[in-house]
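Residue-level structural notes
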Amino acid sequence: MVYQYLIEISKSTAISCLLKDIAQFSTSRRPTTSISTDTYYTTENMLPNKKGATIATFLPQVDQVTACNLGDTLVSNIRPYFKKIVYCTAPAGCSADVLCLTPKSSEYSALLYSLLYDDHFFDYVVSGSKGTKMPRGDKNQILLYSVKLPDSHSLSKFNATAMPILEMQEESRQEIRVLTNLRDYLLPLLLNGQISIGD
């Protein structure tokens with residue numbers, strides 16, 4: 001995203017810290033009945049190469065899931081080299097195979113997403129992953145990821161640029177979902193002759 005630009009404009013005042021200084025893993029739980037397939041994230045419906053997520057095909061048969069909230073960043077923790085990441089735009093839930101990182105301050109939400117969106121982060125997670133067939137990231141190692149924290153003025157400038165971008169991305173995703181649903185409804189009707197192009 002625009003994180004590299006942020007670091008360039010704040011090199012003299014940015015401080016080095018660890019990911020755990022600005023974020024933590026969500027430990028709250030949310031009733032499964034309070035979410036939908038549109039607000040549930042698993043490693044199956046999160047898309048590789050940072051392309052967001054599709055609507056889940058099912059909800060888990062459990063009473064509660066990990067709670068995710070606006071401003072959280074979700075990262076699939078299975079096979080991290082697939083680079084699956086989502087910025088949370090509404091109250092949601094995720095499976096145990098997805099890490100929900102919550103910013104310790106709301107002003108860090110776009111920054112957190114940008115930090116984790118970077119290829120360097122995924123390379124770092126892969127370097128500490130465990131297992132061969134289904135490697136998983138090491139949660140303790142992830143929290144030790146080194147980051148640069150800009151000064152408050154630079155962070156404000158960053159948020160002024162980054163937040164509208166994140167909002168536009170979400171609007172585009174919603175529009176794509178509406179159009180996809182419309183296509184899936186109309187195409188069978190068109191193919192079996194119930195409607196025509198003229199209709």
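See the structure shown above.
My aim in this report is to walk through the structure given alongside it, one point at a time. (Residues numbered from 1 in each chain as written. Predicted model: local features only at pLDDT ≥ 70, side-chain atom pairs only at ≥ 80, totals over all residues. Heavy atoms only, no water.)

**Points about the sheet that holds strand β6 (residues 73–76)**
The sheet built from four strands is open, its strands ordered β2-β9-β6-β7 with antiparallel pairing. Here the strands that pair on one side only, and so sit at the sheet edges, are β2 (23–25) and β7 (85–87). Taking the axes of each pair of neighbouring strands and ignoring which way they run, one obtains an average angle of 25° across the sheet. This element, helix α3 (residues 109–117), spans β2, β6, β7 and β9 (98–103) of the sheet and lies at about 165° to β7. (Pairing = 2+ DSSP bridges. Helix = DSSP H or I, 4+ residues; strand = E, 2+ residues; numbered from the N terminus. Axes fitted to C-alpha atoms, helices over the stretch in contact; angles between N-to-C directions. Contact = heavy atoms within 4.5 Å.)

**Considering the nonpolar core**
If you look at soluble globular proteins, the nonpolar side chains tend to sit buried side by side. Among the nonpolar cores identified, the biggest contains 29 residues, and Leu 19, Ile 22, Leu 101, Leu 116 and Phe 121 are the most heavily contacted of them. Counting only elements with at least two residues in this core, the list comes to α2 (19–22), β2, β7, β9, α3, α4 (119–127), β10 (146–149) and α6 (152–191). If we skip the residues at most four places from it in the chain, Phe 121 touches Leu 19, Val 75, Leu 115, Leu 116, Ile 142 and Tyr 145. In this structure, Tyr 41, Met 46, Ala 53 and Cys 94 belong to the second largest nonpolar core, which totals eleven residues. (Core = buried A, V, L, I, M, F, W, Y, C linked by side-chain atoms within 4.5 Å. Buried < 20%, exposed > 50% of the residue type's maximum accessible area, 1.4 Å probe, protein only.)

**Quick look at the sheet that holds strand β5 (residues 64–68)**
Strand order in the open sheet formed by four strands is β3-β5-β8-β4, with mixed pairing between adjacent strands. Two strands in the sheet have a free side with no partner beyond their single neighbour: β3 (29–31) and β4 (40–41). Two elements, β3 and β5, share three bridges in a ladder whose sense is antiparallel. Each residue of the ladder has a partner; that of Pro 31, found in β5, is Gln 64.

**Thoughts on a nonpolar patch on the surface**
A cluster of nonpolar side chains, namely Leu 179, Leu 182, Tyr 185 and Leu 186, defines an oily patch on the protein surface of about 400 Å² accessible area. Residue placement: Leu 179 occurs in helix α6. (Patch = residues over 30% accessible without salt bridge, like charges linked within 9 Å, V, L, I, M, F, W, Y side chains within 5 Å. Areas by Shrake-Rupley, 256 points an atom, 1.4 Å probe, with all protein chains shown as cover. Salt bridge = Lys/Arg side-chain N within 4 Å of Asp/Glu carboxyl O.)

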